[in-house]
Amino acid sequence: MTQTPDAASDLASDMAPELAPEMVPNSTLELAPDPAPDLAARIRHAIDTKTKPPGSLGRIEDLAAQIALLQGTLTPRMERAQLTIFAGDHGIAAEGVSAFPQAVTAQMVLNFLGGGAAANVFARTAGVALRVVDAGVAAELAHPELIVRKIAPGTANSAHGPAMTAAQCERARAAGAALGADGHADAVCFGEMGIANTAAATLVAHKITGRPVAELTGRGTGLDDGGLRRKTEVLQRAAGRTGALTPADALAEYGGFEIAMMAGAMAAAARARRLVIVDGFIASAAALVVLTEAPKLRGAMVFAHASAEAGHRAVLAHLRAEPLLSLGMRLGEGTGALLAWPLVRAAAAMLTDMASFDDAGVSRGL
């Protein structure tokens with residue numbers, strides 16, 4: 001669907017600061033100055049006068065307009081991207097909600113650091129820098145390239161009580177914000193690793209969207225039918241511990257340290273006007289927290305793909321988000337965001353480098 005000038009104007013409005021920075025939850029950065037009022041219309045004119053029929057590049061044109069508004073220019077650039085993988089363990093894993101043991105979290109962190117995971121392969125292919133953060137792994141890991149921001153060795157079991165304290169949740173979001181605000185990347189991707197984190201994301205999504213737990217619960221790492229039934233029962237009991245919650249309270253009650261850090265990183269990157277390429281279900285649960293608290297940051301976020309995880313499509317529908325890709329993936333790690341990066345680069349390059357009819361001396365037709 002081709003974006004209209006009015007829709008583009010709405011996108012510009014979405015990037016306006018909705019609250020004073022000190023009032024925005026977990027805000028570490030003010031938004032950069034808003035673009036000129038007529039920029040959206042000028043961007044649409046520039047896209048429509050490229051050497052192509054108007055609208056013929058479909059959603060790439062919308063993506064180009066979004067990037068240009070975010071950067072406040074008719075000549076946007078998307079040259080550098082960075083993937084940050086946050087890792088953390090979950091106490092609810094003790095309830096048997098995952099097909100893999102909790103020890104796999106630490107093992108996969110070492111695999112990331114060794115360059116052997118799918119995220120590493122995709123990042124190398126796409127030319128994207130990758131870093132790994134220990135947000136709360138239930139093991140002591142030593143590696144010169146590991147960024148240690150451990151809040152605790154895993155969350156508590158949210159089936160029986162809060163996953164973390166409010167203070168721990170705030171610390172995790174602040175640590176993520178510092179990482180989301182640093183560096184010089186044009187676009188940022190955030191991945192995760194944590195056995196049972198689909199359970200955590202499901203519960204956070206349930207409390208924020210109000211959708212039934214059974215509708216949101218998926219197979220995660222590959223549960224069979226019996227495992228899926230057990231997972232659903234556990235999550236329904238866990239959800240029944242609490243009533244209506246704010247996004248921050250839902251994150252503390254049921255989330256993970258890696259999800260909280262991701263939420264902090266997304267918000268800070270968006271306020272710094274970096275494009276946030278949102279990965280799959282876990283990353284979208286973090287984005288759900290951010291956008292429920294600060295919906296006007298939506299203009300900084302692109303949703304990479306629709307995963308095969310049941311809850312992801314429900315979260316995307318709640319956010320009215322149209323992902324760029326649908327590949328049946330459910331790995332996480334930021335893999336879907338990495339695959340979307342070439343589309344993001346192409347969209348920006350189209351607006352910046354493609355000739356206009358006047359530049360190329362090409363007739364516009366009737």
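Residues numbered from 1 in each chain as written. Predicted model: local features only at pLDDT ≥ 70, side-chain atom pairs only at ≥ 80, totals over all residues. Heavy atoms only, no water.

## Some details on the overall build of the chain
Link 1 in the chain: For the chain, the helix and strand inventory stands at 15 helices and 6 strands.
Link 2 in the chain: With 366 residues in all, the chain has 57% of them scored as buried.
Link 3 in the chain: Expressed as a percentage of contacts within the chain between residues at least 6 apart in sequence, the contacts between residues at least 24 apart total 73%.
Link 4 in the chain: Accessible area of the chain: about 14,300 Å², with a carbon and sulfur share of 55%. (Helix = DSSP H or I, 4+ residues; strand = E, 2+ residues; numbered from the N terminus. Buried < 20%, exposed > 50% of the residue type's maximum accessible area, 1.4 Å probe, protein only. Contact = heavy atoms within 4.5 Å. Areas by Shrake-Rupley, 256 points an atom, 1.4 Å probe, with all protein chains shown as cover.)

## Digging into the pairing of strand S5 (residues 275-278)
Link 1 in the chain: Covered by surrounding structure in S5 are Leu275 and Ile277 together with Val276 and Val278, the residues of both alternating faces.
Link 2 in the chain: Two strands pair when backbone bridges link them, and strand S4 (residues 187-193) and S5 are joined in this way by 3 bridges, in the parallel orientation. From the neighbouring strand, Cys189 faces S5, where its bridge partner is Ile277.
Link 3 in the chain: Here S5 pairs with strand S6 (residues 301-303) via 3 bridges, running parallel. Its bridge partner lying in S6, Val276 is registered against Met301.
Link 4 in the chain: Once you follow S5 into helix H12 (residues 281-293) and on to S6, the crossover reads as right-handed. (Pairing = 2+ DSSP bridges. Right-handed = clockwise from strand over helix to strand, strands pointing away.)

## Some points on the nonpolar core
Link 1 in the chain: Ranked by internal contacts, the top residues of the largest apolar core, which has 119 residues, are Met266 and Ile277.
Link 2 in the chain: Per-element accounting of this core gives the leading share, 11 residues, to helix H11 (residues 257-271).
Link 3 in the chain: With residues up to four places along the chain from it excluded, the contact list for Ile277 reads Ala187, Val188, Cys189, Phe190, Val302, Ala304, Ala337, Ala340, Trp341 and Val344. (Core = buried A, V, L, I, M, F, W, Y, C linked by side-chain atoms within 4.5 Å.)

## Here's the deal with the confidence of the model for the chain
Link 1 in the chain: Confidence in the prediction for the chain averages 90 pLDDT; 90% of positions are at 70 or higher.
Link 2 in the chain: This model gives residues 1-31 a pLDDT under 50, and the stretch forms 63 contacts once residues within four places in sequence are excluded. (pLDDT = per-residue confidence, 0-100.)

## With respect to the environment of Ala41
Link 1 in the chain: With respect to the element layout, Ala41 can be found in helix H2 (residues 39-48).
Link 2 in the chain: Among the residues examined, Ala41 registers a relative accessible area of 44% and is labelled partly exposed.
Link 3 in the chain: Taking the C-alpha atoms as reference, Ala41 lies 9.8 Å from Ala65; in sequence the two are 24 residues apart.

## Section: helix H10 (residues 247-254)
Link 1 in the chain: Taking burial as the measure, the 8 residues of H10 include 6 buried ones, the bulk of the element.
Link 2 in the chain: Of all the residues in H10, the buried ones are Pro247, Ala250, Leu251, Ala252, Glu253 and Tyr254.
Link 3 in the chain: Where H10 is buried, its residues contact helix H6 (166-181), helix H7 (197-209), helix H9 (225-239), H11 and H12.

## Quick notes on the packing of H7 against H12
Link 1 in the chain: Close contact between H7 and H12 brings their axes to 9 Å; oriented N to C, the two are set at 30°. Between H7 and H12, the angle is such that the two are roughly parallel. Where H7 crosses over H12, the two elements pack in a sense that is left-handed. Judged by residue contacts, Asn197, Thr198, Ala201, Thr202, Val204, Ala205, Ile208 and Thr209 of H7 engage Phe281, Ile282, Ala285, Leu288, Val289 and Thr292 from H12.
Link 2 in the chain: Here the contact of H7 with H12 is built from residues that sort into 9 nonpolar, 5 polar and no charged. (Axes fitted to C-alpha atoms, helices over the stretch in contact; angles between N-to-C directions. Parallel < 35°, antiparallel > 145°, perpendicular 65-115°, else oblique. Left-handed = near helix turned anticlockwise from the far one by under 90°. Nonpolar A, V, L, I, M, F, W, Y, C, P; charged D, E, K, R; others polar.)

## Describing the pattern of salt bridges
Link 1 in the chain: Inspection of the entire model under this criterion finds 12 salt bridges.
Link 2 in the chain: Across the pair Asp62 and Arg44 runs a salt bridge whose closest N-O atoms are separated by 3.8 Å. Of the two residues, Asp62 is situated in helix H3 (residues 59-71) and Arg44 in helix H2; the sequence distance between them amounts to 18 residues.
Link 3 in the chain: Of the charged contacts in the structure, one is a salt bridge between Arg241 and Glu253, with a shortest N-O distance of 2.8 Å. (Salt bridge = Lys/Arg side-chain N within 4 Å of Asp/Glu carboxyl O.)

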